[in-house]
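Fold and contact review
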Amino acid sequence: MGPVERTRRAGGAAADAGFPVLKARVIARTGHNYYADKDDLLHDRVRRRLKVCGLPDCTAYLALLDGPGGREEWVELEAEITIGETFFFRYAEQFEALRDTILPDLIAARRATRTLRIWSAGCSTGAEPYSLAILVHELLGEALPDWSVTILGTDISEAALATARAAEFGPWALRTLGEPERVRWFRNTPARPGQPRGGYALRAVYRRMVRFERQNLLALIEAVAPGAAYDLILCRNVLIYFSADHVNRIVRALGQRLEGGGWLLIGHAEPNPAFGQWLEPVALPGTVAYRPTGTVTAPSSAPPAFVPAPVVPAPAVVPVVPAPPPVVVPAPATRPSIEGDRPDDGEPGASPAALRDSVRSLADSGKTAQAWRVLQEGLAAYGTDPALRYYEGLLALDLGREADAEQALRRALFLDRGFVMAHYQLGLLLARSGRPSQAARALDNALRLAQGLPPGMGLPEGDGVSAARMAENARALLAGIAGATP
Ligand SMILES: C[S@@+](CC[C@H](N)C(=O)[O-])C[C@H]1O[C@@H](n2cnc3c(N)ncnc32)[C@H](O)[C@@H]1O
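Bear in mind the structure is a predicted one, so any value in this text is a computation, not a measurement. (Residues numbered from 1 in each chain as written. Predicted model: local features only at pLDDT ≥ 70, side-chain atom pairs only at ≥ 80, totals over all residues.)

Let's talk about the overall build of the chain
Note the cut-off: Think of it this way: any DSSP run of H or I at least four residues long counts as a helix, any run of E at least two long counts as a strand, and we number them from the N terminus. Exposure is read from a count of other C-beta atoms within 10 Å of each residue's own; the residue is exposed at 12 or fewer, buried at 20 or more and partly exposed in between. C-beta atoms are placed from the backbone. By the criterion used throughout, residues are in contact when their C-beta atoms, derived from the backbone, lie within 7 Å.
Scanning the chain from N- to C-terminus turns up 19 helices and 10 strands. Taking all 486 residues of the chain together, the buried fraction comes to 46%. For the chain, contacts bridging at least 24 residues in sequence account for 71% of all contacts bridging at least 6.

So this is what it looks like as structure tokens:
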């Protein structure tokens, strides 16, 4: 019996004597307290590395981590245990707050120095800092060359950063964008040898605004003096990994790195009253932001005096909604759990929702083929779940399997005629494959259904896209099809 076979037969975490030491080392190094009560899940992840390395158990693996190739192996292990969900303009309300309040406020406050320093901490594969680059570019317009804008994306996962630097994404990461935005911000790339499909490359004008660096957020806690100061920090959907004590210390450290009058945005479900010890919460429509204490009442928080006109129309995903003046509100009393951001693929077979979360996590970290396999296995049990069929369609698109994608989206619609996102994605697919009249029918369905819903309602599986926004997207596409059809 070879070492890998022995690993497989060895069973779970309890049967692996070196596991407790390895687990303690992983948590100490990454801060991922999340795994404290999830031995089987972590062991499962580690086992994937054992298999790749041809090692029998955690004791042998620890020797590897402490040996000459240890640094490289830590990088692999960190990538294995941190699956990060992300996509462009994720959580629309926060991007509306950035567009309508936060960035205009900063642009007005920094007009003398014309400098903006922005940090996306825990940026995963880059969709978040790149969305910020697009916003800043559109808000500053022709004034952009006169400004010094730095946007830094950091993450513990080298694998995520490599994808971020390449700035090439599949339809999955762009799934909430309308077609006009896709065209404006990305260019299509052809499939390369060994790749099933082409992708969308972010245009260089946005790409070059962002720099990426590996950084462990735990280092913030240990650092003695605050480092560089930022005008805006985003640290969204990262704090879920850490213990409550680490969360407090990280948020406090982030606050210390804000310039006077700066802004901090954490995940929409992550605010905690404890943060009020170091920062002032500011209520914005649909979200809470934080500012250094004293900013909210200070003159610098007055309405922006100068907002350069955008050179291009505002992006469809971040509509201009007049924001009320900031008011301090009490933050939620508890820290809610964040479904869909769980850094694991859980037990995919447990329920359709668990399967959906695992598939999304895998796909968001670029493991499309693995996501597809997990989904196909799960569909054997949950083949009548419309949301799963919808994700089957999106994944098939990512894998370049257009016929499968169409079939899956049609199945989703057969199971749920009112599934707005499925009508919309089917419309996009049909338009791209040169079937304008069928595309128009699907988009018309999406438009009609979206118009029948409350405008502000988030659409199921729409990742924060509202009914009103979807109606607008569908209308724009229909106009494009009508204009192109003789
Ligand atoms: C769910 S993703 C969030 C991505 C993005 N902020 C968003 O909201 O779309 C979480 C990211 O945090 C990163 N992360 C986890 N622990 C970290 C640590 N100790 N230091 C830095 N990044 C970490 C993961 O690698 C992952 O890419």
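Further notes follow.
Some points on helix α19 (residues 467-484)
Put simply, the test is: Multiplying 1.5 Å by the residue count of a helix minus one yields the expected span of that helix.
Taking 1.5 Å of rise per residue, the 18 residues of α19 would be expected to cover 26 Å, and the 26 Å separating its terminal C-alpha atoms lies within 8% of that figure. Considered for burial, the residues of α19 that qualify are A467, R469, M470, A471, N473, A474 and L477. On its buried face, α19 is in contact with α9 (179-185), α17 (420-432) and α18 (436-451).

Quick word on the nonpolar core
Note the cut-off: For our purposes the nonpolar core covers buried Ala, Val, Leu, Ile, Met, Phe, Trp, Tyr and Cys residues that link as a set through C-beta atoms within 7 Å. All domain edges in this entry derive from an automatic or database-based domain assignment.
Among the nonpolar cores identified, the biggest contains 119 residues, and I233, L264, A289, A446 and M470 are the most heavily contacted of them. Taken together, domain 2 (92-301) and domain 3 (352-484) each give at least three residues to this core, which thus spans both. Excluding residues that lie within four positions of it along the chain, L264 makes contacts with I233, L254, G255, L258, L279, A289 and Y290. In this structure, A13, L22, L55 and C58 belong to the second largest nonpolar core, which totals 12 residues.

Regarding the sheet that holds strand β3 (residues 168-169)
Operational definition: Strand pairing is assigned whenever DSSP identifies at least 2 bridges connecting the two strands.
Pairing in this open sheet of 3 strands is antiparallel, and the strands run β3-β5-β4 from one edge to the other. Strand pairing shows two members of the sheet lacking a second neighbour, β3 and β4 (186-189), which therefore form its edges. Here β3 runs beside strand β5 (residues 199-202); their pairing, made up of 2 bridges, is antiparallel. Following the sheet pairing, E168 is matched in β5 by A201.

Quick notes on the packing of helix α15 (residues 386-398) against α17
For any two helices packed against each other, one specifies the crossing angle of their axes together with the interaxial distance. Formally: Axis lines are fitted through C-alpha atoms, for helices just across the contact stretch, and the angle between N-to-C directions can take any value from 0 to 180 degrees. To sort the angles, those under 35 degrees are grouped as roughly parallel, those over 145 as roughly antiparallel, those from 65 to 115 as roughly perpendicular, and the leftovers as oblique. Should the near helix be turned counterclockwise from the far one by less than a right angle, the crossing is left-handed, whereas a clockwise turn marks it as right-handed.
Packing of α15 against α17 leaves a shortest axis separation of 10 Å and a crossing angle of 25 degrees. Judged by the angle between their axes, α15 and α17 are roughly parallel. Judged by the twist between their axes, the crossing of α15 over α17 is left-handed. Where α15 abuts α17, its residues Y390, G393, L394 and L397 lie against M421, A422, Q425 and L429.

A look at the site of the ligand
Selection criterion: Any residue whose backbone-placed C-beta atom lies within 6 Å of a molecule or strand is treated as near that molecule or strand. Ten residues, namely Ala, Val, Leu, Ile, Met, Phe, Trp, Tyr, Cys and Pro, are considered nonpolar, four, namely Asp, Glu, Lys and Arg, are considered charged, and the remaining ones, Gly among them, are considered polar.
Around the ligand there are 23 residues in total, and T82, G84, T86, G122 and S124 lie nearest to it. Residues that form the shell around the ligand fall into these classes: 7 nonpolar, 10 polar and 6 charged.

Concerning the environment of P455
Considering the arrangement of structural elements, one finds P455 in the loop between α18 and α19. Distance in space between the C-alpha atoms of P455 and S466 is 6.6 Å, their sequence separation being 11 residues. Residues contacting P455, with those up to four places away along its chain left out, are S466, A467 and A468.

A look at the confidence of the model for the chain
Which entries qualify depends on this criterion: A score between 0 and 100, pLDDT records how confident the predictor is in each residue.
The pLDDT averaged across the chain works out to 83; a share of 84% of its residues lies at or above 70. Here residues 1-10 scores under 50 on pLDDT; set against residues more than four positions off or in separate chains, the count is 15 contacts.

With respect to the environment of R249
Inspection of the secondary structure puts R249 in helix α12 (residues 244-256). With 18 C-beta atoms packed within 10 Å, R249 lands in the partly exposed category.

With respect to the pairing of strand β9 (residues 279-284)
By the bridge criterion, 6 bridges tie β9 to strand β10 (residues 287-292) in an arrangement that is antiparallel. Each bridged residue has a counterpart across the sheet, and for V282 the counterpart in β10 is A289. Connecting β9 to the antiparallel partner β10 that follows it, the hairpin turn spans 2 residues, and G286 within it adopts a positive phi of roughly 80 degrees.

Side note on the packing of helix α3 (residues 39-53) against helix α5 (residues 70-81)
Their axes nearest at 10 Å, the elements α3 and α5 cross at an angle of 135 degrees. Taken as axis vectors, α3 and α5 run oblique relative to one another. Relative to α5, α3 is oriented so that their crossing is right-handed. Residue-level inspection shows L42, R45, R48 and R49 of α3 in contact with α5, the latter providing E76, L77, E80 and I81.

Observations regarding the pairing of strand β1 (residues 115-121)
Remark: a regular strand shows side chains that alternate across the two faces of the sheet. Of all 7 residues in β1, 6 are buried, a share of seventy percent or more. Across 7 bridges, the pairing between β1 and strand β2 (residues 148-155) is parallel. Looking at the pairing, R117 lines up with T150 of β2. Bridge analysis of β1 against strand β7 (residues 230-235) gives 3 bridges, and the strand direction is parallel. Note on β7: the bridge partner recorded for S120 is L234.

Comments concerning α17
A rise of 1.5 Å per residue sets the reference length of α17, with its 13 residues, at 18 Å; its end C-alpha atoms lie 19 Å apart and thus fit the reference within 8%. Burial runs high along α17: 12 of the 13 residues are buried. The set of residues buried in α17 consists of V420, M421, A422, H423, Y424, Q425, L426, G427, L428, L429, L430 and A431. Residues of α17 that are buried make contact with α9, α15, α16 (402-415), α18 and α19. Positive backbone phi, at 75 degrees, marks G434, one or two positions downstream of α17.

Re unusual backbone geometry
With the exception of glycine, most residues fall at negative phi, and the peptide bonds are largely trans. Positive phi, close to 55 degrees, is recorded for S124, a residue that is not glycine. With respect to the helices and strands, S124 occurs in the loop between β1 and α7 (127-140). A positive phi angle, near 55 degrees, is found at A167, a position not held by glycine.

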